[in-house]
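Next come the chains, spelled out residue by residue.
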Amino acid sequence: MKLGLITLLVVCASPLLRGTAQDREDKSRITRYWVTGCLQKGHDANEYLLIAENARWHLKSDNARLEDHVGHKVKVDGVVANQPFHGMKEDLKAEVEKAPTETGVLTVTNLEMVSDSCN
């Protein structure tokens, strides 16, 4: 049943995505580079958020020490979780909102501190 619903969503969304996909930034990329923003602690243990200009990412990492950079402005590279669905979701949001905020889960592969404060 879930597969049928997903297929229906893809079929219905396809015409919407074809017309304007070239006019926007490509959200179908699996990797994001140089995403810069403020690293914040989330509500739960080991939950971190990167608040960027036009994006809000939930961050995970096995190798970067995110806790060491809470409150810092950082630049990260990372892999988008569930990328095919993420791209479809972002494309649909762009059809509805004038300036959508990209949201999702990013597994950090590289982190650089830009500033020791978010200001």
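Look a little higher up for the structure.
Note that the coordinates shown come from a computational prediction; the quantities given were computed from them, not determined experimentally. (Residues numbered from 1 in each chain as written. Predicted model: local features only at pLDDT ≥ 70, side-chain atom pairs only at ≥ 80, totals over all residues. Heavy atoms only, no water.)

K.L.:
So, the overall build of the protein chain: which residues are in play, and what are the values?
P.N.:
Within the protein chain, the secondary structure is distributed over two helices and five strands. When the helices and strands of the protein chain are listed from N to C terminus, the series reads α-β-β-β-β-α-β. Across the 119 residues that make up the protein chain, the buried fraction comes to 34%. Put simply, 72% of the contacts in the protein chain that link residues at least 6 apart link residues at least 24 apart. Total accessible area on the protein chain stands at roughly 7800 Å², and carbon and sulfur atoms take up 55% of it. (Helix = DSSP H or I, 4+ residues; strand = E, 2+ residues; numbered from the N terminus. Buried < 20%, exposed > 50% of the residue type's maximum accessible area, 1.4 Å probe, protein only. Contact = heavy atoms within 4.5 Å. Areas by Shrake-Rupley, 256 points an atom, 1.4 Å probe, with all protein chains shown as cover.)

K.L.:
Can you explain the pairing of strand β4 (residues 73-80)? Please cite residues and give values.
P.N.:
Summarising the sheet, strand β1 (residues 31-41) and β4 pair through six bridges and their orientation is antiparallel. For valine 35, the partnering residue across the bridge sits in β4 and is valine 76. Bridge count between β4 and strand β5 (residues 102-115): eight bridges; the pairing is antiparallel. Note that in β5 the partner of lysine 73 across the bridge is serine 115. (Pairing = 2+ DSSP bridges.)

K.L.:
Break down the nonpolar core for me, citing the residues and quoting the values.
P.N.:
Leu50, Trp57, Leu59, Leu66, Val76, Val108 and Leu111 are the most contacted members of the largest nonpolar core, which totals 16 residues. Breaking this core down by element, the ones donating at least two residues are β1, β2 (48-52), β3 (55-60), β4 and β5. When sequence neighbours within four positions are dropped, the list of residues in contact with leucine 50 reads Val35, Gly37, Cys38, Leu39, Ala55, Arg56, Trp57, Leu59, Val74 and Val76. (Core = buried A, V, L, I, M, F, W, Y, C linked by side-chain atoms within 4.5 Å.)

K.L.:
Could you give an account of the state of the cysteines, naming the residues involved and the relevant values?
P.N.:
As used here, a disulfide is simply a covalent bond connecting the sulfur atoms of two cysteines. Across all of its chains, the model carries one disulfide by this definition. In this model, cysteine 38 is linked to cysteine 118 through a disulfide, with the two sulfur atoms separated by 1.9 Å. Residues cysteine 38 and cysteine 118 are joined by a disulfide whose S-S torsion is about 75°; by sign, that bridge is right-handed. One end of the pair, cysteine 38, is in strand β1; the other, cysteine 118, is in the segment after β5, with 80 residues separating them in the sequence. Relative accessible area serves as the criterion here: at 30%, cysteine 118 is assigned to the partly exposed category. (Disulfide = S-S within 2.5 Å.)

K.L.:
Which residues make up the pattern of salt bridges, and what are the values?
P.N.:
For the structure on display, the rule yields six salt bridges. Between aspartate 68 and arginine 65 there is a salt bridge, with its nearest N and O atoms 2.8 Å apart. Looking at arginine 65, the relative accessible area reads 52%, which means it is exposed. A network of salt bridges, in which partner residues are shared, links Arg65, Glu67 and Asp68. (Salt bridge = Lys/Arg side-chain N within 4 Å of Asp/Glu carboxyl O.)

In short, shape yes, function no, at least from these values alone.
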